[in-house]
Amino acid sequence: MKIAVFPGSFDPITLGHLDIIERAVPLFDKLIIAIGQNSQKKYMFPLEKRMEFIQKSVAHFPNVEVDYFEGLTIDYCIKKEAQFILRGLRNPADFEFEKAIAHTNRTLARRKLETVFLLTSSGKSFISSSIVREIISNKGEYQLFVPDAVRVWVMGNEQCVMCNINNHILWKT
Ligand code: ADP
């Protein structure tokens, strides 16, 4: 069984991520979208919301799972018996960064883990979670770059999002 892990922060999931996911689905028997959680890092959206946005966006794919992990990506891949890591490439900067990580992971995993890269579709290469967060913070038209699940929730909770930006965590559970 070919199992791939697509790791990332997904803060929040964008149409760029979704493009990579949709194109990877036919390539693997199972695709696990795994949110890497780093307790030192500040996120705009809490883990539960990031998971919910992804779950709603991929609900129509029976072979896609959504999960989270802490620690090294390769340890998580070994635990899930995955042979592949999936990553998206947008530009030369992504390539340089990803190349070092892919070589490192392959070495750490004693060559039992391959990183598979998909090039972003034309028209989606400029989308990034950090730009989306910037647009949300400045009350711009972020709706153009995110899936419905994110749009609907942020529109209904704009006040919470703004509070979180100011470091007053007021998330509804
Ligand atoms: P990370 O913090 O690990 O980079 P991200 O959530 O920003 O996590 O990205 C996860 C993966 O999705 C990365 O491989 C990244 O290159 C890819 N990605 C993000 N945006 C796009 C996009 N617009 N097109 C293609 N791949 C993308």
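Since the model is a prediction, treat every value here as computed from it, not as a measurement.

Draft legend 1. Just the pattern of salt bridges, in detail. Going through the model one piece at a time under the given rule, you end up with eleven salt bridges. Two residues, Lys99 and Glu96, come together in a salt bridge whose shortest N-O distance is 3.8 Å. Of this pair, Lys99 and Glu96 are both found in helix 4 (residues 92-108), three residues apart, which corresponds to roughly one turn of the helix. By relative accessible area, which is 35% here, Lys99 ends up partly exposed. When the shortest N-O distance is used, the salt bridge between Arg106 and Glu114 registers 3.1 Å. The exposure class of Glu114 is partly exposed, given its relative accessible area of 35%.

Draft legend 2. Structural view of the pairing of strand 3 (residues 64-69). Pairing geometry for strand 2 (residues 30-36) and strand 3, over six bridges, is parallel. By the bridge assignment for strand 3, Leu31 is matched with Val64. Between strand 2 and its parallel partner strand 3, the chain crosses via helix 2 (residues 47-58), and the hand of that crossover is right-handed.

Draft legend 3. Broad picture of the site of the ligand. What surrounds the ligand is a group of 16 residues, the closest being Ser9, Gly88, Thr120, Lys124 and Ile127. At 3.1 Å, a side-chain N or O of His17 approaches an oxygen atom of the ligand. For the ligand, whose free accessible area comes to 550 Å², the fraction covered by protein is 86%. The set of elements that each furnish at least two residues to the shell around the ligand consists of strand 1 (3-8), helix 1 (15-24), strand 4 (84-89) and helix 4. Here the shell around the ligand is built from residues that sort into five nonpolar, six polar and five charged.

Draft legend 4. Geometry of helix 2. For helix 2, spanning twelve residues, the distance from its first C-alpha to its last is 17 Å, which sits close to the expected 16 Å at 1.5 Å a residue. Regarding helix 2, the residues found buried are Leu47, Lys49, Arg50, Met51, Phe53, Ile54, Ser57 and Val58. Looking at the packing, one finds that the buried side of helix 2 touches helix 1, strand 2, strand 3 and helix 6 (148-156).

Conventions we followed
- Residues numbered from 1 in each chain as written.
- Predicted model: local features only at pLDDT ≥ 70, side-chain atom pairs only at ≥ 80, totals over all residues.
- Heavy atoms only, no water.
- Salt bridge = Lys/Arg side-chain N within 4 Å of Asp/Glu carboxyl O.
- Helix = DSSP H or I, 4+ residues; strand = E, 2+ residues; numbered from the N terminus.
- Buried < 20%, exposed > 50% of the residue type's maximum accessible area, 1.4 Å probe, protein only.
- Pairing = 2+ DSSP bridges.
- Right-handed = clockwise from strand over helix to strand, strands pointing away.
- Near = heavy atom within 4 Å.
- Polar contact = N/O pair within 3.5 Å; in protein donor to acceptor, adjacent residues only side chain to side chain.
- Areas by Shrake-Rupley, 256 points an atom, 1.4 Å probe, with all protein chains shown as cover.
- Nonpolar A, V, L, I, M, F, W, Y, C, P; charged D, E, K, R; others polar.
- Expected span 1.5 Å × (residues − 1).
- Contact = heavy atoms within 4.5 Å.

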